[in-house]
Amino acid sequence: MKISDALLIRISVALIAVLILYSNLEAGPIYSSVVMADNPDAYWRLGETSGTTAVSQTGTHSGTYSGSYTLGQTGAIVDDANTAVDFSSGLVQATGTGIGGTTALSIEMWVTADSLSTYNTLLMRTTSLAWNDGFGIYYQDTGSTQLQFFINGYAAPRVGAVFATTSSYRHVVATFLGGQAGSDNLMSIYLDGTLAGSLNTTTSSITYGLSADLYIGQSVSNYGYWDGKIDEVSIYSSVLSAGDVAAHYAAGIAPIPEPSSASFILSAFLAFAMVRKRRVKRDVAFSR
Ligand SMILES: [Ca+2]
Ligand SMILES: [Ca+2]
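Residues numbered from 1 in each chain as written. Chains lettered and ligands numbered in written order. Predicted model: local features only at pLDDT ≥ 70, side-chain atom pairs only at ≥ 80, totals over all residues.

Undergrad: Describe the overall build of the protein, listing the residues and the values that go with them.
TA: When helices and strands are tallied, the protein shows four helices and 14 strands. The proportion of buried residues among the 288 residues of the protein is 39%. In the protein, 65% of the contacts between residues at least 6 apart in sequence involve partners at least 24 apart. (Helix = DSSP H or I, 4+ residues; strand = E, 2+ residues; numbered from the N terminus. Buried ≥ 20, exposed ≤ 12 C-beta atoms within 10 Å, placed from the backbone. Contact = placed C-beta atoms within 7 Å.)

Following this line, the structure appears as structure tokens:
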């Protein structure tokens, strides 16, 4: 049985369409797009390689680097060239007003930890060293948990997760659902896409000091520096669901295939089609 040229072309076009569709599906969602789709108040990719400005992708709340830190470090997101920052006694400071809601809050980032000491801080928005308003994520070993997420006061309400020094990136998310009756308000902390701790609380809203800036890599007043890398920090005035958190983590760790894999298959098929076309012509010539 001989395949006509017209049919061969039709098959080629159909295969090209399938390959394009497949390569798009295979690529999976781009992490930064997934974050932006959930409408953060601020999103610092921390991918700068020079200067002292930490750009926020939302167009507001760009911050300023200061202290001791190293730009251009390998980032957390698989197959994404965007870099991260290695902090030792450095920080990013941004205007806090408008970051985080009073009855809904989510904080997300990717981090490593070279060393851990009490009160080392990943991120905080609070007025003073008393840490008695706003929110933050910091290290304190309570015996059962080590990474602590608080609102309104560093000791309570607070929810913790098991955490240790790590040279591999961990995905950290903290959420607060307020505005609920009784103790139905909920604080949660997730590690690597999975719920690591939760707390029901009667605290139904977050109080903010008017002047509280947002800090990444320390708490406030040059205190509680984080020792390790921090990447892709986003904050939302909404509550990311467990499904959202899992999807963000999955987007962050999913490899993105080289475009050449799809184009290689396509090239191979087209070469086969051309050889086939020649053979058909030759067969026609012989049958004369
Ligand atoms: Ca980055
Ligand atoms: Ca270090």
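There is more to say, and it comes next.
Undergrad: I'd like a description of the nonpolar core, backed by residues and values.
TA: Counting 62 residues, the largest nonpolar core has Met109, Leu122, Leu123, Ile137 and Ile230 as the members making the most contacts within it. Non-local contacts of Ile137, meaning those with residues more than four positions away in its chain, are made with Ile107, Leu122, Leu123, Leu147, Gln148, Phe149, Val172 and Ala174. (Core = buried A, V, L, I, M, F, W, Y, C linked by C-beta atoms within 7 Å.)

Undergrad: Summarise unusual backbone geometry; cite the residues concerned and give the values.
TA: Note the cis peptide between Ala156 and Pro157, where omega equals -10°. Of note, Pro157 is situated in the loop between β8 (147-151) and β9 (158-161). The phi dihedral of Glu232 falls on the positive side, at around 50°, and the residue is not glycine. Within the element layout of this structure, Glu232 appears in strand β14 (residues 228-236). Its 27 C-beta neighbours within 10 Å are what place Glu232 among the buried residues.

Undergrad: An account of helix α3 (residues 242-253) is needed here, citing residue identities and associated values.
TA: If you check α3, its first and last C-alpha atoms are 17 Å apart, about what 12 residues at 1.5 Å a residue would give, namely 16 Å. Here α3 has its buried residues at Asp244, Val245, His248, Tyr249, Ala251 and Gly252. Viewed end-on, α3 has its buried residues packed into an arc of 160°, placing them on one side of the element. Turning to α3, the residues buried within the fold contact α2 (31-37), β5 (104-113), β10 (166-177) and β11 (185-191). (Expected span 1.5 Å × (residues − 1). Arc of directions from axis to C-beta.)

Undergrad: Give a description of the pairing of β10 that names residues and reports values.
TA: Consecutive side chains along a regular strand alternate between the two faces of the sheet. In this structure, β5 lies alongside β10, joined through nine bridges in antiparallel fashion. Considered in β10, the bridge of Ser106 is made with Thr175. (Pairing = 2+ DSSP bridges.)

Undergrad: Can you lay out the pairing of strand β12 (residues 194-201) for me, pointing to particular residues and giving the numbers?
TA: The sheet contact formed by β11 and β12 spans seven bridges and is antiparallel. Within β12, the residue paired with Ile189 across the bridge is Gly197. In this structure, the hairpin formed by β11 and β12 is closed by a connection of two residues, where Asp192 is found at a positive phi of approximately 50°.

What is shown is where atoms sit, not what they do.
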